[in-house]
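Residue strings, one per chain:
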Amino acid sequence: TGAIDIENLTKVYDPEGERVVAVDDMDLQIGAEEFVALLGPSGCGKSTVMNCIAGYLEPTEGEVLVDGNRVSGPDPKRGVVFQDNRLFPWKTIQENVEFGPQMNDGVEEGRARSILDEMGLDGFEDAYPSGLSGGMQQRAELARLLANDPDIMLMDEPFSALDALTKEIMQKKLIEVWERDNRTVLFITHDVEEAILLADRVVVMTARPGQVKDVIDVDLDRP
Ligand code: ADP
Ligand code: ADP
């Protein structure tokens, strides 16, 4: 599970009568359990595509199908990580990780703990996000996503704000998790090197408006 089918996707923003075509008639198929990087310059529509897959945005035209079903809103099976962390500042790291699953399915405390351990956050369970470094906050974000056991991981420049060493650690962590659990990953980046390092396929979008320009299959040695 976790196949994504983007069909004739068009998204037009119209804030104050000023039409912005962010994505123009895009077609893209992502196979179940594939790791795909979505690459393109800033403003080319990557986040818009991702938000349509996540169900946060409604397409203007066309549709997104996940395992054959039309996306009509958010679903914990499609987990999202953004560049800036969206942790709740008034909740501890553990409470943050438990929050989503509690709301959706209910997760035992033990499972949250083991995910936190896996992400190298043992000892930080009771810390608040503001007390952690940017890298630790992104670990917590990844932990929160994994706690929902998503079929699809949607990641929007998740490591772009991290220093080089932390970035490398997180990239390895992500590959480890992906290889073990075989979830579908759509990884947005404007970093060519990162795209090629991580993904099986790199989808390149044109500058504007967003359309697929090229799809590159990468044969790689992962970190
Ligand atoms: P989003 O649309 O998901 O917020 P963007 O890619 O538009 O993501 O930008 C997120 C942040 O990253 C912004 O602050 C932007 O200035 C910065 N950014 C985006 N692309 C680049 C880039 N090529 N080089 C440096 N900073 C960038
Ligand atoms: P990327 O993620 O590749 O940086 P985005 O999907 O964030 O690109 O943005 C694509 C285009 O849509 C850009 O021109 C951006 O300015 C515009 N855009 C994004 N969000 C909105 C919005 N909420 N309202 C109006 N225009 C937007």
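In this report, we go over the structure that sits alongside the text. Note that the coordinates shown come from a computational prediction; the quantities given were computed from them, not determined experimentally. (Residues numbered from 1 in each chain as written. Chains lettered and ligands numbered in written order. Predicted model: local features only at pLDDT ≥ 70, side-chain atom pairs only at ≥ 80, totals over all residues. Heavy atoms only, no water.)

We now examine the overall build of the protein. Counting secondary structure elements, the protein contains 6 helices and 10 strands. For a compact globule of 223 residues, the expected C-alpha radius of gyration is about 17 Å, and the protein comes in at 17 Å, within 12% of that figure. Considered along the principal axes of its C-alpha atoms, the protein spans approximately 45 × 40 × 35 Å. Taken over 223 residues, the protein has a buried fraction of 50%. Long-range pairs, those at least 24 residues apart, make up 68% of the contacts in the protein between residues at least 6 apart in sequence. For the protein, the exposed surface amounts to about 10,500 Å²; the carbon and sulfur share of it is 45%. (Helix = DSSP H or I, 4+ residues; strand = E, 2+ residues; numbered from the N terminus. Rg over C-alpha atoms; globule rule 2.2 N^0.38 Å. Buried < 20%, exposed > 50% of the residue type's maximum accessible area, 1.4 Å probe, protein only. Contact = heavy atoms within 4.5 Å. Areas by Shrake-Rupley, 256 points an atom, 1.4 Å probe, with all protein chains shown as cover.)

Glancing now at the site of ligand 2. Around ligand 2 sit 13 residues in total, of which Gly43, Gly45, Lys46, Ser47 and Thr48 are the nearest. Here an oxygen atom of ligand 2 sits 3.1 Å away from a polar atom, N or O, in the main chain of Cys44. At 2.5 Å from an oxygen atom of ligand 2 is found a side-chain nitrogen or oxygen belonging to Thr48. The protein chains hide 65% of the 560 Å² of surface that ligand 2 would expose on its own. Of all the elements in the fold, those that place two or more residues in the shell around ligand 2 are β2 (20-30) and α1 (46-54). Ranked by the residues each element gives to the shell around ligand 2, the list is headed by α1, at 3 residues. Its residues assigned to classes, the shell around ligand 2 comprises 6 nonpolar, 5 polar and 2 charged. (Near = heavy atom within 4 Å. Polar contact = N/O pair within 3.5 Å; in protein donor to acceptor, adjacent residues only side chain to side chain. Nonpolar A, V, L, I, M, F, W, Y, C, P; charged D, E, K, R; others polar.)

Another aspect to go through is the site of ligand 1. The environment of ligand 1 is formed by Ser42, Ser47, Gln83, Asp156, Glu157 and His190. Here Asp156 contributes a side-chain N or O atom positioned 3.0 Å from an oxygen atom of ligand 1. Computed on the free molecule, ligand 1 has an accessible area of 540 Å², of which 39% lies beneath the protein chains in the complex. Taken together, the residues of the shell around ligand 1 sort by class into no nonpolar, 4 polar and 2 charged.

Over its 14 residues, helix α4 (residues 134-147) extends 20 Å from the first C-alpha to the last, a length consistent with the 20 Å expected when each residue adds 1.5 Å. Taking burial as the measure, the 14 residues of α4 include 13 buried ones, the bulk of the element. Just downstream of α4, Asp149 is the residue with a positive phi angle, here 50°. (Expected span 1.5 Å × (residues − 1).)

Taken together, the 6 strands give an open sheet; going across it, the order is β6-β7-β8-β3-β9-β10, and neighbouring strands pair in mixed fashion. Each edge of the sheet is formed by a strand with only one pairing partner; in this case those strands are β6 (78-81) and β10 (212-217). The mean angle between the axes of side-by-side strands here comes to 15°, regardless of whether they run parallel or antiparallel. Pairing between strand β3 (residues 35-39) and strand β8 (residues 184-189): 5 bridges, direction parallel. What sits directly across from Phe35, in β8, is Val185. The sheet contacts of α1 involve β3, β6, β7 (152-156), β8 and β9 (201-205), and relative to β7 the element is tilted by about 150°. The strands touched by helix α5 (residues 164-181) within the sheet are β3, β7 and β8, with β3 carrying the most contacts at an inclination of about 140°. (Pairing = 2+ DSSP bridges. Axes fitted to C-alpha atoms, helices over the stretch in contact; angles between N-to-C directions.)

Attention now goes to the packing of helix α3 (residues 109-118) against α4. The N-to-C vectors of α3 and α4 enclose an angle of 140°; their axes lie 9 Å apart at closest approach. When the axes of α3 and α4 are compared, the pair comes out oblique. Here α3 runs over α4; the crossing is right-handed. In this structure, α3 contributes Arg111, Ile115 and Leu116 to the contact, and α4 contributes Ala143, Leu146 and Ala147. Per-class residue counts for the contact of α3 with α4 are 5 nonpolar, no polar and 1 charged. (Parallel < 35°, antiparallel > 145°, perpendicular 65-115°, else oblique. Left-handed = near helix turned anticlockwise from the far one by under 90°.)

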